[in-house]
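Survey of secondary and tertiary structure
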Amino acid sequence: MRVAFSADHAGARLKDELIRRIDAAGLGHELVDLGGDGSDPEDDYPDFARRLGEAIQDGDADRGILICGSGVGASVAANKMRGVRSAVCHDTYSAHQGVEHDDMNVLTLGARVIGPEPALECSVAFLGATFSGEPRHRRRLDKVLAIEAEQTAG
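Nothing here was measured: the structure is a model prediction, and the numbers come from that model.

1. Concerning the side chain of Lys 15
In this structure, Lys 15 sits in helix H1 (residues 12–24). Judged by relative accessible area, which is 1%, Lys 15 ranks as buried. Side-chain polar atoms of Lys 15 contact the backbone oxygen of Gly 36, separated by 3.2 Å. Not counting chain neighbours up to four residues away, the residues in contact with Lys 15 comprise Phe 5, Ser 6, Ala 7, Asp 33, Gly 35, Gly 36 and Ile 67.

2. Brief notes about the packing of aromatic side chains
Counted under the stated rule, the structure contains zero aromatic pairs. The cationic tip of Arg 63 hangs over the ring face of Phe 126; the distance from NZ or CZ to the ring centre is 5.2 Å.

3. Here's the deal with the pairing of strand S3 (residues 63–68)
Remark: a regular strand shows side chains that alternate across the two faces of the sheet. Here S3 lies mainly inside the structure; six of its six residues are buried. Here S3 shows a buried face lined by Arg 63, Ile 65 and Ile 67 and a second buried face lined by Gly 64, Leu 66 and Cys 68. The pairing of strand S1 (residues 2–7) with S3 spans five bridges and is parallel. What sits directly across from Ala 4, in S3, is Gly 64. Pairing between S3 and strand S5 (residues 106–110): five bridges, direction parallel. Looking at S5, one finds that Gly 64 is bridged to Val 106.

4. Considering H1
Between its first and last C-alpha atoms H1 spans 18 Å; for 13 residues at 1.5 Å apiece the expected length is 18 Å, and the two agree. Along its buried surface, H1 packs onto S1, strand S2 (30–33), S3, S5 and helix H5 (116–128). Among the residues trailing H1, Gly 26 stands out with phi positive, at a value near 65°.

5. Describing the layout of surface pockets
For the largest pocket, the calculated volume is near 160 Å³. What lines the largest pocket is Asn 79, Lys 80, Arg 82, Gly 83, Val 84, Arg 85, Val 144, Leu 145, Ile 147 and Glu 148. For the lining of the largest pocket, the class distribution of residues is four nonpolar, two polar and four charged.

The rules we used
- Residues numbered from 1 in each chain as written.
- Predicted model: local features only at pLDDT ≥ 70, side-chain atom pairs only at ≥ 80, totals over all residues.
- Heavy atoms only, no water.
- Helix = DSSP H or I, 4+ residues; strand = E, 2+ residues; numbered from the N terminus.
- Buried < 20%, exposed > 50% of the residue type's maximum accessible area, 1.4 Å probe, protein only.
- Polar contact = N/O pair within 3.5 Å; in protein donor to acceptor, adjacent residues only side chain to side chain.
- Contact = heavy atoms within 4.5 Å.
- Phe/Tyr/Trp six-rings, centres within 6.5 Å; stacked < 30°, edge-to-face > 60°.
- Lys NZ or Arg CZ within 6 Å of the ring centre and 35° of its normal.
- Pairing = 2+ DSSP bridges.
- Expected span 1.5 Å × (residues − 1).
- 1 Å grid on protein atoms, 1.4 Å probe; cavity = no way out; pocket = protein on both sides within 12 Å on 5 of 7 lines; lining within 4 Å.
- Points joined across faces, edges and corners; volume = space filled by probe spheres on them.
- Nonpolar A, V, L, I, M, F, W, Y, C, P; charged D, E, K, R; others polar.

Below, the structure written as structure tokens:
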């Protein structure tokens, strides 16, 4: 799986650590760093959410991990993009369940909320999960996709 990482100024340090540790874990994923190095306090989360969302839309990434200070702003921005399903998850259950039930493709983390160890655990849970495809989950996802289609058509 190709996994893109992106972070604003507040999330860059955690992004770098997650990339290093996920790579060292040997999970077999191709990791793509889309930036945010933390050097510019005006690196704003919408810019990095867009960068990651475009990678998903263009097929350059299968999933993404997006990081800002709280996770909230970046998740809100990412969810404005067609085809992106992002959620802030600071626990492993939500991180894997979001994929299994909702086909979530972007995990958003808050670097000022979660430490590196639980962030790694959430990331591994997210990356290890697959969409169940169960009829009830497919039905619900189809309804979400219909909302998205209605909004982009109008």
